[in-house]
There are 2 protein chains.
Amino acid sequence: MTATVHRFPQRQASLDPMIALVAGDLNLVNAVILDRMQSQIPLIPELAGHLIAGGGKRMRPMLTLASARLIGYEGTRHHRLAAAVEFIHTATLLHDDVVDGSDLRRGRRTANTIWGNPATVLVGDFLFSRSFELMVEDGSQKVLKILSSASAVIAEGEVNQLTAARKVDLGEERYLDIIGAKTAALFAAACRISAVVAERNDAEERALDAYGRNLGIAFQLVDDAIDYVSDAGTMGKDAGDDFREGKVTLPVILAYARGGPDERKFWKDAVEGRRDSDEDLARAIELIRATRAIDDTLARARHYGQRAIDALGPFGASDAKAAMVEAVEFAISRAF
Amino acid sequence: MTATVHRFPQRQASLDPMIALVAGDLNLVNAVILDRMQSQIPLIPELAGHLIAGGGKRMRPMLTLASARLIGYEGTRHHRLAAAVEFIHTATLLHDDVVDGSDLRRGRRTANTIWGNPATVLVGDFLFSRSFELMVEDGSQKVLKILSSASAVIAEGEVNQLTAARKVDLGEERYLDIIGAKTAALFAAACRISAVVAERNDAEERALDAYGRNLGIAFQLVDDAIDYVSDAGTMGKDAGDDFREGKVTLPVILAYARGGPDERKFWKDAVEGRRDSDEDLARAIELIRATRAIDDTLARARHYGQRAIDALGPFGASDAKAAMVEAVEFAISRAF
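Every value quoted in this text rests on a predicted model; they were computed, and no experiment measured them.

Peer 1: How should I be thinking about the overall build of chain A in this particular structure?
Peer 2: Scanning chain A from N- to C-terminus turns up 14 helices and two strands. Computed over its C-alpha atoms, the radius of gyration of chain A comes to 20 Å, within 12% of the 20 Å expected for a compact globule of 336 residues. For chain A, the spread of C-alpha atoms along the principal axes amounts to about 60 × 60 × 30 Å. Expressed as a percentage of its 336 residues, the buried residues of chain A come to 61%. Taking the contacts inside chain A whose residues are at least 6 apart along the sequence as the reference set, 76% of them involve residues at least 24 apart. Accessible area of chain A: about 13400 Å², with a carbon and sulfur share of 48%. With 41 positive and 48 negative side-chain charges, chain A shows a separation of 2 Å between the mean positions of the two kinds.

Peer 1: Just checking my understanding: could you explain the pattern of salt bridges for this structure?
Peer 2: Side chains bearing opposite charge may pair, as long as their charged atoms lie close to each other. Residue and element names in this part refer to chain B. Inspection of every chain in the model, using the stated rule, returns 54 salt bridges over all chains. Notably, a salt bridge pairs Glu-133 with Arg-130, separated by 2.7 Å at the nearest N-O pair. Separated by three residues within a single helix, Glu-133 and Arg-130 lie in helix α5 (residues 111-138), roughly one turn from each other. Take Glu-133 and Arg-130: they sit in the same class, and that class is buried. When the shortest N-O distance is used, the salt bridge between Lys-182 and Glu-158 registers 3.9 Å. Placement of the pair is Lys-182 in helix α7 (residues 172-197) and Glu-158 in helix α6 (residues 141-164), with a sequence separation of 24 residues.

Peer 1: Help me understand the relation of the copies chain A and chain B in this model?
Peer 2: The two chain copies are connected by a rotation around an axis plus a translation along it. Mapping chain A onto chain B calls for a rotation angle of 180 degrees and an axial translation of 0.0 Å; the resulting RMSD is 0.0 Å. What we have between these two chains is a two-fold relation. An overlap of 100% is found between the interface residues of chain A and their copies at the interface of chain B, pointing to a shared contact surface.

Peer 1: In this structure, what is going on with helix α4 (residues 77-100) of chain A? I would like to understand it.
Peer 2: Residues and elements named next belong to chain A. The end-to-end C-alpha distance of α4 is 35 Å, a good match for the 34 Å that 24 residues give at a rise of 1.5 Å each. The buried count for α4 comes to 21 of 24 residues, which makes it a mostly enclosed element. At the exit of α4 stands Gly-101, carrying a positive phi of roughly 65 degrees.

Peer 1: Just to check I follow, could you spell out the side chain of Thr-64 of chain B for this structure?
Peer 2: Residue and element names in this part refer to chain B. One can find Thr-64 in helix α3 (residues 59-70). Judged by relative accessible area, Thr-64 falls into the buried class, the value being 1%. Among all residues touching Thr-64, those that are not within four sequence positions of it are His-78, Ala-82, Ala-190, Ile-193 and Ser-194.

Peer 1: Can you walk me through unusual backbone geometry in this structure?
Peer 2: For residues other than glycine, phi is negative in most cases, and the peptide bonds are mostly trans. All names here are of chain A. The phi dihedral of Arg-58 is positive, around 55 degrees, even though this residue is not glycine. Within the secondary structure, Arg-58 is located in the loop between α2 (43-52) and α3 (59-70). On the accessibility criterion, Arg-58 (13% relative accessible area) is buried.

Rules and cut-offs
All chains use their own residue numbering, which begins from 1 and follows the written sequence. Chain letters start at A and ligand numbers start at 1, both assigned in the order the entries are written. A pLDDT threshold of at least 70 governs which residues receive local features in this predicted model, and a stricter bar of 80 or more applies before side-chain atom pairs are shown or counted, although totals over entire chains, interfaces and linings include all residues. Note: side-chain values were computed over all heavy atoms of the structure, leaving out hydrogens and water. Helix numbering and strand numbering both begin at the N terminus, where a helix is a DSSP run of H or I of at least 4 residues and a strand a DSSP run of E of at least 2. Atoms counted for the radius of gyration: C-alpha only. Globule rule: 2.2 Å times the number of residues to the power 0.38. Burial classes: relative accessible area under 20% of the type maximum marks a residue as buried, over 50% as exposed, and values in between as partly exposed (1.4 Å probe, protein chains only). Working rule for contacts: check all heavy atoms of both residues, and any pair within 4.5 Å makes them a contact. Computed with a 1.4 Å probe, the accessible areas rest on the Shrake-Rupley method; for each residue, only the protein chains presented here act as cover. Under this rule, positive means Lys or Arg and negative means Asp or Glu; His and the chain ends count for nothing. Charged groups are reduced to one reference atom each: NZ for lysine, CZ for arginine, CG for aspartic acid, CD for glutamic acid. A side-chain nitrogen of Lys or Arg and a carboxyl oxygen of Asp or Glu constitute a salt bridge if their distance falls within 4 Å. For this overlay, a least-squares fit was computed on C-alpha atoms, restricted to residues scoring pLDDT of at least 70 in both copies. Each helix should span, by expectation, one fewer than its residue count multiplied by 1.5 Å.

Written as structure tokens, this is what we have:
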């Protein structure tokens with residue numbers, strides 16, 4: 001009997017194997033994206049293109065494409081669907097930037113600061129509608145069900161997060177609910193739909209769903225940690241952005257839960273917007289270190305990463321599988 | 001040979017025959033709406049319910065239901081689809097209020113003034129996703145195509161309108177494009193989908209589409225006129241709201257096109273936000289009267305109303321047809 005036991009490597013993992021795996025397909029997906037964001041109204045491709053061409057990794061379409069490789073799908077339907085997934089994601093980002101009043105994303109000015117909130121909301125609506133048109137063209141009832149349900153879950157997660165904003169006592173469970181809906185649901189759907197178009201069995205569908213879902217949570221938790229450890233500019237985000245915006249992420253939740261009355265007071269003030277100086281950030285980082293909040297946020301991320309990798313158990317060894325495993329390692333290792 | 005020639009009556013027409021025609025069905029649609037706007041996140045039904053329960057006429061679902069009656073459809077699929085149409089409409093209204101920064105709708109405070117723009121954008125997204133879930137549950141590929149395409153057209157129309165905002169020389173043709181997309185596309189789809197679920201032929205589908213589309217344009221043009229003639233409070237809108245917001249509607253387009261240099265200067269100033277006093281409104285109404293801009297806006301509306309009625313030609317006489325004809329007359333007669 002041979003067991004396959006995965007251990008996270010100490011080395012820096014890379015997304016390159018996945019990028020190489022799907023490069024040809026991704027060009028075709030990009031062609032669909034560029035074609036379908038066009039409109040007779042020039043503002044639409046202009047605004048949408050700013051974000052779509054703006055240096056995103058195309059993580060979700062890559063997952064659709066890699067999943068299709070993993071299961072040996074040889075058709076082309078997933079190109080259009082990967083574009084639909086990216087449109088849903090882009091629409092969400094546009095609305096997120098309006099909701100958060102963000103100035104920067106991926107190191108560039110956000111669409112709302114350039115074209116204003118009204119145009120940004122409406123172009124988001126357009127891309128969202130376009131994504132449904134793409135799915136309808138594909139014609140799979142099951143894919144439509146998966147992606148329309150994911151979209152509703154994302155919107156619910158966004159409202160949940162908004163309701164929870166500036167609540168320092170949010171708690172880990174509700175936070176996991178929020179990122180499960182906001183981030184992981186679309187990762188899961190992006191992977192799952194490849195099994196659907198390839199007409200694989202329910203077990204493979206669920207395996208790919210689980211891979212995407214757990215990877216999505218791991219990604220988000222590592223993002224949360226990076227905000228308190230990066231020197232600057234990682235992912236186009238400065239260290240301390242989350243802190244200055246009073247975002248309640250897992251490092252804060254853990255540091256708050258583990259702190260004494262003084263520390264809790266500090267976190268409450270910070271989350272409610274009364275502490276956003278450089279000194280406050282320095283103290284926050286110090287408290288997070290003292291409570292091991294980053295270490296344990298990353299431990300949680302590794303837990304979900306491990307589950308993502310184990311979800312691939314049903315699939316035999318292949319380049320695709322190796323690339324998908326290393327993508328998880330990459331997600332985790334970004335924090336080191 | 002017997003010809004049926006319609007003449008708009010001088011009397012005040014009523015929506016009551018259509019309301020009576022669909023009352024039973026509409027209760028079932030309302031039950032779907034109430035059920036499907038629920039969420040574990042309490043803010044969602046709270047915010048959505050404010051608008052959904054807020055005195056709208058349910059014009060679009062009524063059109064779906066009346067169209068089904070017209071063609072003798074005896075199933076129940078259209079209840080869920082009528083709810084989906086209303087969700088698309090509600091999502092659009094929520095985003096519109098954010099985009100326009102409106103304080104009042106149908107005489108009540110808008111959701112954005114009560115819960116803020118972020119929650120209003122996100123609950124709109126939720127309702128939009130829910131509408132797709134409802135359509136996917138129904139399962140008709142053709143209905144999905146019609147409604148996803150209508151949604152994209154609506155969003156394009158909204159962006160088109162935003163791009164055109166405060167342009168006094170917009171012109172009638174582009175204005176008709178905008179309201180054709182923003183308003184009439186969903187009216188058309190609401191009617192058309194009943195023919196699809198009833199599996200009627202293409203001619204009947206197109207007839208219902210044309211009825212809805214022309215009625216939608218007529219409705220919007222009459223709304224535009226009412227803003228310059230109503231004393232107060234008709235449709236929860238005060239006379240002069242459009243004027244004070246610098247909206248370029250057909251009465252303004254006609255008055256501008258027909259005015260001399262002084263009048264054009266006045267309209268340009270008004271549309272660009274430099275004239276919003278009571279005296280300015282009085283002058284605007286005077287100019288509109290002098291140029292016959294209201295009369296001719298209503299003449300245009302009657303033209304589209306006539307086309308809507310003629311589109312029903314393929315269908316034999318029935319209570320449903322009479323109610324649908326009177327609904328057009330009602331749309332027109334609101335201005336008298």
